Amino acid sequence: MKNSIIIARHEIQSMFRERTFILLLAVFVAMTLASAYIGWSSQHTINQVYTAAAEQLRQSGKVAPSSPFADYPHLALLKNMIIYVILIGGLLAISTGYAAGMRERKAGVLKLLFSRPISKEDFLLGKLLGISLVLAAVILLAAAISAISSAFLVSLNAQDVIHLFSFYGFSWVYLLGFAFLGFSFALVKDDEVVALLIPIIFWIMITFVLPELTSALYPTGSLNPTLPQTDILQNPALQTMHDTVYPFSISEHYKESAATILGMKATGTAAPVQSGILNAFKIFCWMLLGLAASFAAVYSFDKSRW
Amino acid sequence: MKYSKNPSEKQFIIDVRSLSKKYGDNFAVDGLNLKVAEGEIFGFLGHNGAGKTTTVNMLTTLLQPTSGGAFVAGFDILKESVEVRKRIGYLPENIQLYDSMTSYENLEYFAKLSGISKPEESILQVLDFLDAESYRDKKISALSKGMRQRIGIAQAILHEPKVLFLDEPTSGLDPFGVKQLRDTLLRLNKEQGMTIFMNTHLLSEVTKTCSTIGVLSHGKLIHSDSLVNTMKRFNDESSLEQVYLTIEEGHYEK
């Protein structure tokens, strides 16, 4: 365990010197900073439109219906973060895992490292711990930024803060799956480009292709990227496609669970969404899949090669 | 100090027994039997692809043998690989280190992984021994090949190993670097009693550094003796180069 901690510490130190990582981190932090304002701004605009419309109705002697956005949850202003985690966070996680797996290969020190009294288990645990802590630091930073910026825009209560940190904790688990996948392929693939390309293809499949075959089939899917709002998917072929692909659509399970954690709920006409616990369990399984790939990669790679 | 599990062979710090490594149908190392006594500087000679690096990879526990085994510093390379690695230092061919880190950071990392409790003290001692204190805070990427080699040796001897394995250590060094390396190895051997196992092509270096030699050809050991005895045995030859070629050619004729 002592060696694993030494390796993890080294990993963290090295990661924050990686240019690609720093660049993606900067983009992620910038988007986190922007997300609360963007969320608040769009909500503010909607409220202004409602107020103007209600005023017009009142002037024409009609009764204005109550605002459907009046009881919108405070944390709804962070709903863009769900998309940023999926898009930029996913890439950042792959980049983190890939860099961790490739570091010794690129430096040409793998043989040197394994000439020291460390085992493959030490190496694996150290790397996984390092990757997890680096992503935890990123997530904590994003959570702190979101908490502070949200507190400026709306009044957050204690429960909101707990939900906010739960959302980021859940996002961390989701991102670990990508990071572990990036780490695994960096270890086992001879070609550095292929090693990066494979996890990115996974990311494209999970982020874009599978949702296109499931929630994007709903007419309102593009209007609300986090929760399907209607259940008018009446074409049997599309329904079959949706039902077949949906269990594997990890990003959608993440989106639905994350939206629920932030307090957003599907409206009464919403398409059926799986239970939150089942969705969360699938995200956990996704992370475990990445973990299993890491174990397989470490035990199969030849330490005398590089 | 006892090194071999076999009491009759306790004087040998490296004891290789029928060691083989097979890739597909080809033997990279074929039934190698070799013994190196404590305190020797052993020169392991052979043509390109003879199996020298594969042998070192197996002895340093980086590579699993197909059959056979070996004891290094009294420990089985198969069953006690961690114990073996605690007692060896290793310098691969064309030493590479973490480029983005300084010499000190690199050494500190390897020192900690070697279980050194006070890395700073050991690092300063080793840098002083190698006359490399001025590289301490320089990034590896800013060092020349010769300087890197010295930091590479520093990482290999930080934990005061019993045996130092060097794979083509003079590769890419200029004559000054070669001389510095030779002086360092001789000092390590003389002052610390370190056993040195060196894969090399440079026959001139072998004559100046090694006490015993082994010649490997196509994975098989075709000669192993002290340098003095080898030169006596082939007293018609004018140089080690001639001796080496005679041994190699003799083997080929077989």
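The rules we used
Residues take numbers from 1 onward in each chain, read along the sequence in its written order. Written order decides the labels, with chains lettered from A and ligands numbered from 1. pLDDT decides what is reported in this predicted model: residues at 70 or higher carry local features, side-chain atom pairs at 80 or more are listed and counted, and totals for whole chains, interfaces and linings draw on all residues regardless. To qualify as a helix, a DSSP run of H or I must reach at least 4 residues; to qualify as a strand, a run of E must reach at least 2; elements of each kind are numbered from the N terminus. Our contact criterion uses C-beta atoms placed from the backbone: two residues qualify when those atoms are within 7 Å. Per-residue confidence from the predictor is reported as pLDDT, a score between 0 and 100. By the convention adopted, Pro, Cys, Tyr, Trp, Phe, Met, Ile, Leu, Val and Ala count as nonpolar, Lys, Arg, Asp and Glu as charged, and the other residues, Gly among them, as polar. Strand pairing requires that DSSP identify at least two bridges connecting the strands. Axes, fitted as lines to C-alpha atoms, cover a helix only where it is in contact. Angles between the N-to-C directions of the axes lie from 0 to 180 degrees. Here the limits of each domain have been adopted from an automatic or database domain assignment.

Novice: Now, about the overall build of chain A: what can you tell me, with residues and values included?
Specialist: Helices and strands together make up the secondary structure of chain A, namely 10 helices and 0 strands. Reading the helices (α) and strands (β) of chain A from amino to carboxyl end gives α-α-α-α-α-α-α-α-α-α. Of all intrachain contacts in chain A linking residues separated by at least 6 positions in sequence, the fraction that spans at least 24 positions is 86%.

Novice: An account of the confidence of the model for chain A is needed here, citing residue identities and associated values.
Specialist: Scored by pLDDT, chain A comes out at a mean of 85, with 89% of its residues at no less than 70. Considering only residues more than four positions removed or in separate chains, one finds that residues 267-272 of chain A, a stretch of pLDDT under 50, has 14 contacts.

Novice: I'd love a proper account of the environment of I140 of chain B, names of residues and values included.
Specialist: Residues and elements named next belong to chain B. With respect to the helices and strands, I140 occurs in the loop between α4 (119-129) and α5 (145-157). Sequence-wise, I140 and L97 are 43 residues apart; in three dimensions their C-alpha atoms are separated by 6.9 Å. Among all residues touching I140, those that are not within four sequence positions of it are L97, Y98, D99, M101, S103, N106 and R148.

Novice: Describe the confidence of the model for chain B, with residues and values.
Specialist: Residue and element names in this part refer to chain B. Mean pLDDT for chain B: 86, with 93% of residues reaching 70 or above. Ignoring residues within four places in sequence, the model shows residues 1-10, a span with pLDDT below 50, making 17 contacts including any to other chains. Across the whole predicted complex the pTM is 0.83, and at the interface the ipTM reaches 0.84.

Novice: Please give an account of the interface of chain B and chain A that cites residues and values.
Specialist: Counting residues at the interface gives 21 residues for chain B, matched by 18 residues for chain A. When contributions to the side of chain B that touches chain A are tallied by element, the ones reaching two or more residues are α2 (81-86), β6 (88-91) and α3 (103-113) of chain B. The element contributing the most residues to the side of chain B that touches chain A is α3 of chain B, with 4 residues. Partitioning the side of chain B that touches chain A into residue classes produces 11 nonpolar, 6 polar and 4 charged.

Novice: Describe the sheet that holds strand β8 (residues 195-200) of chain B, and please don't skip the residues or the numbers.
Specialist: Residue and element names in this part refer to chain B. Read across the open sheet, the 6 strands follow the order β6-β7-β8-β3-β9-β10; overall the sheet is mixed. Each edge of the open sheet carries a strand with a single partner, namely β6 and β10 (220-226). Averaged over all adjacent pairs, the angle separating strand axes in this sheet is 15°, with direction ignored. Here α5 sits on the sheet and contacts β6 and β7 (163-167); the angle it forms with β6, its principal contact strand, is near 160°. Where helix α6 (residues 175-192) meets the sheet, it contacts β3 (41-46), β7 and β8, and its direction lies at approximately 155° from that of β8.

Novice: Please set out the domain arrangement of chain B residue by residue, giving values where relevant.
Specialist: Accessible area lost during the coming together of the parts is what is often quoted as the interface size. All names here are of chain B. By the assigned domains, chain B splits into domain 1 (1-87 + 165-181 + 190-254) and domain 2 (96-160). Using C-alpha coordinates to define each centre, domain 1 is positioned 26 Å away from domain 2. At the interface, 8 residues of domain 1 touch 5 residues of domain 2. Counting residues per element, the side of domain 1 that touches domain 2 draws most heavily on α6, at 4 residues. Of the residues that constitute the side of domain 1 that touches domain 2, the class distribution is 2 nonpolar, 4 polar and 2 charged.

Novice: So what about the sheet that holds strand β4 (residues 67-72) of chain B? Which residues, and what values?
Specialist: Residue and element names in this part refer to chain B. Taken in spatial order, the 4 strands line up as β2-β1-β4-β5 in an open sheet, and their pairing is antiparallel. Every other strand in the sheet has two partners, leaving β2 (26-37) and β5 (75-76) as the edge strands with one partner each. Bridge count for strand β1 (residues 12-23) against β4 is 5 bridges, and the pairing is antiparallel. Within β4, the position partnered with R17 by the bridge is G69.

Novice: A description of the pairing of β10 of chain B should follow, citing residues and the corresponding values.
Specialist: All names here are of chain B. By the bridge criterion, 6 bridges tie strand β9 (residues 212-217) to β10 in an arrangement that is antiparallel. Each residue of the ladder has a partner; that of V215, found in β10, is H223. Hairpin connection between β9 and β10: a loop of 2 residues separates the two successive antiparallel strands, and H218 in this loop has a positive phi of roughly 50°.

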